[in-house]
There are 2 protein chains.
Amino acid sequence: MNKKLFSAGLALALGAGCALSAQAQVKPEILVKQRQSVMVLQGKYFGPLAGMAQNKIPYNKDQVMLYAAYLDALSRMPWDGFDPSTKDEKNTRALPAVYADPGKFKEAAERLQASVRNLVTVSHTGDEAAVKGAIGDLGKACGNCHDNFRQKQ
Amino acid sequence: MNKKLFSAGLALALGAGCALSAQAQVKPEILVKQRQSVMVLQGKYFGPLAGMAQNKIPYNKDQVMLYAAYLDALSRMPWDGFDPSTKDEKNTRALPAVYADPGKFKEAAERLQASVRNLVTVSHTGDEAAVKGAIGDLGKACGNCHDNFRQKQ
């Protein structure tokens, strides 16, 4: 019952419209904190998947399916936080390129989301090699955006 | 297509098992950061809903549906972060009661999740009064946990 509601809720909500944003009035430092929170949680759920792909921890089909589903939700959340009002914020590693080249940034965001969706699909097959390949592709999509739009530490 | 995948992914992942956790090896300070990140994002999506319930911003059915769906995913994420290993961490407002009375904490967590699921259901009806009531109930579930398990600022 709960599972069905969860699923139905997301399907209908997404059907209703994905481009909604109520972020216009939010302070820049809050926007930064919110988008960084998404990154933290993407890390939480991607980390174990990367460990499996690298054979550092045992492959667990159920865990891959669940974490891929979480990542599917999370990977939709950060983008409205990269508002031009945040470009002078200090506590962020986002590079000026995010705002200077929004088309390329959007492309990188879409690549990430496509990679997550692919992992969601592949995770249901239980084909371990294919799943590990999809995790690797997702890792590359993370890296692609970080390489171009995040300051090196 | 993407919408269907999103939905199917969550349904199947949840069917596979919800109690998975790979958090055992994670450092306490990271666990705290991860669970706080969930709270930040719950705030991001609950804030506008509360504004609608209080007639401070216009009611928007599509936005309620989407944000309720996000909250449904998010409200499943923080709990494994309240690991006993984190009870001596400094940068957290979680009270000792979280670890001293885990049964009551679990009950508060389940009340939150039930309130979110109810909002997901009600959000699809488009019944503005019922939706605002469900948002109010969710706010009380947030407050119930904060009152008992979070240090006052």
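Residues numbered from 1 in each chain as written. Chains lettered and ligands numbered in written order. Predicted model: local features only at pLDDT ≥ 70, side-chain atom pairs only at ≥ 80, totals over all residues. Heavy atoms only, no water.

Take S37 of chain B: it is sitting in helix α2 (residues 28-53). Of the polar contacts made by the side chain of S37 of chain B, one reaches the backbone oxygen of K33 of chain B; its length is 2.8 Å. If we skip the residues at most four places from it in the chain, S37 of chain B touches S37, V40 and L41 of chain A. (Helix = DSSP H or I, 4+ residues; strand = E, 2+ residues; numbered from the N terminus. Polar contact = N/O pair within 3.5 Å; in protein donor to acceptor, adjacent residues only side chain to side chain. Contact = heavy atoms within 4.5 Å.)

Residues and elements named next belong to chain A. Scanning the entire structure with this criterion turns up 8 salt bridges over all chains. Here K132 makes a salt bridge to E128, at a shortest N to O gap of 2.8 Å. Taken together, the residues K132 and E128, both in helix α6 (residues 128-149) and 4 residues apart, mark about one turn of the helix. We classify K132 as buried; its relative accessible area is 17%. For E128, a relative accessible area of 36% gives the class partly exposed. (Salt bridge = Lys/Arg side-chain N within 4 Å of Asp/Glu carboxyl O. Buried < 20%, exposed > 50% of the residue type's maximum accessible area, 1.4 Å probe, protein only.)

Before going further, it helps to examine the packing of aromatic side chains. One pass over the structure, following the stated rule, counts 12 aromatic pairs over all chains. The rings of W79, F82, F105 and F149 of chain A are connected pair by pair, giving a single aromatic cluster. (Phe/Tyr/Trp six-rings, centres within 6.5 Å; stacked < 30°, edge-to-face > 60°.)

What follows concerns the side chain of T86 of chain B. All names here are of chain B. Topologically, T86 is positioned in the loop between α3 (61-74) and α4 (97-100). On the basis of relative accessible area, T86 is assigned to the buried category, the value being 1%. The residues touching T86, leaving out its near neighbours within four places in the chain, are P28, L31, V32, R35, G81 and Y99.

Okay, the environment of K104 of chain A next. Residues and elements named next belong to chain A. Mapped onto the secondary structure, K104 falls in helix α5 (residues 102-123). Residues K104 and C145, 41 residues apart in the sequence, show an inter-C-alpha distance of 9.4 Å. The residues touching K104, leaving out its near neighbours within four places in the chain, are N148 and F149.

Before going further, it helps to spend a moment on the environment of E89 of chain B. Residues and elements named next belong to chain B. Tracing the backbone shows E89 in the loop between α3 and α4. Judged by relative accessible area, which is 27%, E89 ranks as partly exposed. Counting along the chain gives 61 residues from E89 to P28, while the straight-line C-alpha distance between them is 7.2 Å. Contact partners of E89, with chain neighbours within four places excluded, come to P28, E29 and V32.

Residues and elements named next belong to chain A. Relative orientation of the contacting elements helix α3 (residues 61-74) and α5 amounts to 150°, with a least axis distance of 9 Å. The orientation of α3 relative to α5 falls into the category roughly antiparallel. Our pair here, α3 against α5, has a crossing hand that is left-handed. Residue-level contacts link K61, V64, M65, A68, A69, L71 and D72 of α3 to V116, R117, L119, V120 and S123 of α5. (Axes fitted to C-alpha atoms, helices over the stretch in contact; angles between N-to-C directions. Parallel < 35°, antiparallel > 145°, perpendicular 65-115°, else oblique. Left-handed = near helix turned anticlockwise from the far one by under 90°.)

This paragraph deals with helix α6 (residues 128-149) of chain B. An α-helical turn contains 3.6 residues, so a residue and the one three or four places further along point in the same direction. All names here are of chain B. Given a rise of 1.5 Å per residue, 22 residues ought to cover 32 Å, and the 32 Å separating the end C-alpha atoms of α6 matches this to within 8%. Of the positions making up α6, those classed as buried are V131, K132, A134, I135, L138, A141, C145 and F149. Contacts from the buried residues of α6 go to α2, α3, α4 and α5 (102-123). (Expected span 1.5 Å × (residues − 1).)

Attention shifts here to unusual backbone geometry. Positive phi is not limited to glycine here, since N55 of chain A has a value of about 60°. Judged by relative accessible area, which is 59%, N55 of chain A ranks as exposed.

If you look at the biggest cluster of nonpolar residues, it comprises 52 residues, and the most contacted ones within it are L49, L74, M77 and L119 of chain A together with L49, M77 and L119 of chain B. For this core, the secondary structure elements donating two or more residues are α2 (28-53), α3, α5 and α6 of chain A together with α2, α3, α5 and α6 of chain B. Aside from chain neighbours lying at most four places away, what touches M77 of chain B is L41, K44, Y45, Y70 and L74 of chain A together with V38 of chain B. (Core = buried A, V, L, I, M, F, W, Y, C linked by side-chain atoms within 4.5 Å.)

Shape descriptors only; they carry no functional weight alone.
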